[in-house]
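Descriptive analysis of the structure
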Amino acid sequence: MSEFDPRSELFELVRAFRIRLEWLGRAGAFSVPAGPSPRGQRSDDAQFTAVAEQSQGRFEPTDPQTTPAESPGATTDRQPGMFSAALARALGDTPAGSESSPATMPSPPAGPTSRTALAQIRADLGDCQRCKLSRTRENIVFGIGDPNAALMFVGEAPGRQEDRSGVPFVGPAGQLLDRMIAAMGWSRETVYIANVLKCRPPNNRDPEPDEIASCRPFLAQQIGSVKPRMIVTLGRPAAHLLLDTRAPMHALRGRFHSYEGIKVMPTFHPAYLLRNPEHKRKTWNDLQQVMAEFERLAISPPGRPR
Ligand code: URA
Ligand code: URA
């Protein structure tokens, strides 16, 4: 953990609070006017435009770190360069927060059934005391996004910022995840994001088996309710849980697996990528496979006509 920095701490809190407010707004609690982006961040629209421009192939990656060397032709035959520059940029070493997008785009109207079903699952979870993490958590971090999303991300467990805000992936790893999602042409509002554990393990230690056992029915119900076409698991615990395996990450990532008939692409966790940037290229390759599969299924990211 880096040293305490009150300014970035405050920035993170404001960002997390804003995301929560906007989520409540979208959920119908009240209306939240779209405010200026903190720290001069670009709006989603500007970010979308930038990503779209780059994905026309006008911009090619030059950084050898981010050049798609692995599995050449695996996914990019049909549209060479499609999104690759944007993905490279997303996974590149841009300063934290400089490109992350605050949640400002209204989500498409969700089918009432999925929204209601998710609300019911959240209600069943209640003020959960099913495992020992309830004694140390501040907030339950349930999940966020489009209740009918075609694309779902499953992480590990809330960290400090998530525990404080109740929103998944709002800390540094979340900012990298936001950039990955944006570069794929999607957004935090058009995907669904959840974790294996809904409560933060003390000091971000690994989830323990009893905690996973207590929490897994809720993730299973979330997946069953959202019914995504594809799931990207982030890091080992999510891959191990959904694929019912103990195989190492390097043996799992890079190809599709299946969970209850849903295609699953395991890849590295963004927090792991922040510590091991040399693996970003592999993650980029994994995400490109997901994009290619959506193309094959003729599914385009909502708000982005084919
Ligand atoms: N890491 C995760 O796995 N999930 C979060 O929500 C945040 C960080
Ligand atoms: N181990 C993990 O838990 N996550 C990764 O992404 C890689 C190794």
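For the structure, see preceding data.
Report follows, based on the coordinates. (Residues numbered from 1 in each chain as written. Chains lettered and ligands numbered in written order. Predicted model: local features only at pLDDT ≥ 70, side-chain atom pairs only at ≥ 80, totals over all residues. Heavy atoms only, no water.)

Time to look at the site of ligand 2. Close contacts around ligand 2 come from G235, R236, P237, M249, F268, H269 and Y272, and that covers them all. In the model, a nitrogen atom of ligand 2 is placed 3.4 Å from a nitrogen or oxygen of the R236 main chain. Between ligand 2 and H269, the relevant distance is 2.7 Å, taken from an oxygen atom to a main-chain nitrogen or oxygen of the residue. Burial of ligand 2 by the surrounding chains reaches 84%, relative to a free accessible area of 240 Å². Classifying every residue of the shell around ligand 2 by side-chain character gives four nonpolar, two polar and one charged. (Near = heavy atom within 4 Å. Polar contact = N/O pair within 3.5 Å; in protein donor to acceptor, adjacent residues only side chain to side chain. Areas by Shrake-Rupley, 256 points an atom, 1.4 Å probe, with all protein chains shown as cover. Nonpolar A, V, L, I, M, F, W, Y, C, P; charged D, E, K, R; others polar.)

The next subject is unusual backbone geometry. With phi around 50 degrees, F169 is a residue other than glycine that occupies positive phi space. Relative to the assigned elements, F169 resides in the loop between α5 (160–165) and α6 (172–183). The residue A298 is not glycine, and still its phi comes out positive at about 60 degrees. Among the secondary structure elements, A298 is positioned in the segment after α11 (280–296). (Helix = DSSP H or I, 4+ residues; strand = E, 2+ residues; numbered from the N terminus.)

Residue position: D146 is located in the loop between β1 (144–145) and β2 (151–155). Only 2.8 Å separates the side chain of D146 from the backbone nitrogen of N148, close enough to count as a polar contact.

What follows is about the site of ligand 1. Around ligand 1, the neighbouring residues are G155, E156, A157, E162, P168, F169, N195 and H269. Within the side chain of H269, a nitrogen or oxygen atom sits 2.7 Å from an oxygen atom of ligand 1. Across the complex, the protein chains shield 91% of the 230 Å² of accessible surface that ligand 1 would expose by itself.

Before going further, it helps to examine α11. Over its 17 residues, α11 extends 24 Å from the first C-alpha to the last, a length consistent with the 24 Å expected when each residue adds 1.5 Å. The buried fraction of α11 is high, at 13 of 17 residues. Following α11 by one or two positions, A298 adopts a phi angle in the positive range, close to 60 degrees. (Expected span 1.5 Å × (residues − 1). Buried < 20%, exposed > 50% of the residue type's maximum accessible area, 1.4 Å probe, protein only.)

Two modes of strand pairing occur in sheets, parallel and antiparallel, and in both the strands are linked by backbone hydrogen bonds. Here we have six strands laid out as an open sheet, ordered β1-β3-β2-β4-β6-β5, and mixed in their pairing. The sheet is open, and its two edges are formed by β1 and β5 (257–259), each paired on a single side. Here β2 runs beside strand β4 (residues 230–234); their pairing, made up of four bridges, is parallel. When the sheet's bridge partners are listed, F153 is paired in β4 with V232. Across the sheet, helix α8 (residues 236–243) is in contact with β2, β4, β5 and β6 (262–267); its angle to β4 comes to roughly 135 degrees. Sitting on the sheet, α11 touches β2, β4 and β6, and the angle it makes with β6 is about 160 degrees. (Pairing = 2+ DSSP bridges. Contact = heavy atoms within 4.5 Å. Axes fitted to C-alpha atoms, helices over the stretch in contact; angles between N-to-C directions.)

Once that is clear, we can look at the pairing of β2. Counting buried positions along β2 yields five of five residues, so the element is predominantly enclosed. The alternating pattern of β2 places L151, F153 and G155 on one face and M152 and V154 on the opposite face, and all of these are buried. The pairing of β2 with strand β3 (residues 192–195) spans four bridges and is parallel. Within β3, the residue paired with V154 across the bridge is A194.

Along the chain, T233 turns up in strand β4. Among the residues examined, T233 registers a relative accessible area of 0% and is labelled buried. Beyond its immediate stretch of four places on either side in the chain, T233 contacts V154, A238, A239, L242, V264, M265, P266 and T267.

Here D127 shows up in the loop between α4 (112–125) and β1. Residue classification places D127 among the exposed residues on the basis of a relative accessible area of 58%. For the pair D127 and N139, spaced 12 residues apart in sequence, the C-alpha separation works out to 9.3 Å. The residues touching D127, leaving out its near neighbours within four places in the chain, are R137 and I140. Separated by 2.8 Å, the side chains of D127 and R137 make a polar contact.

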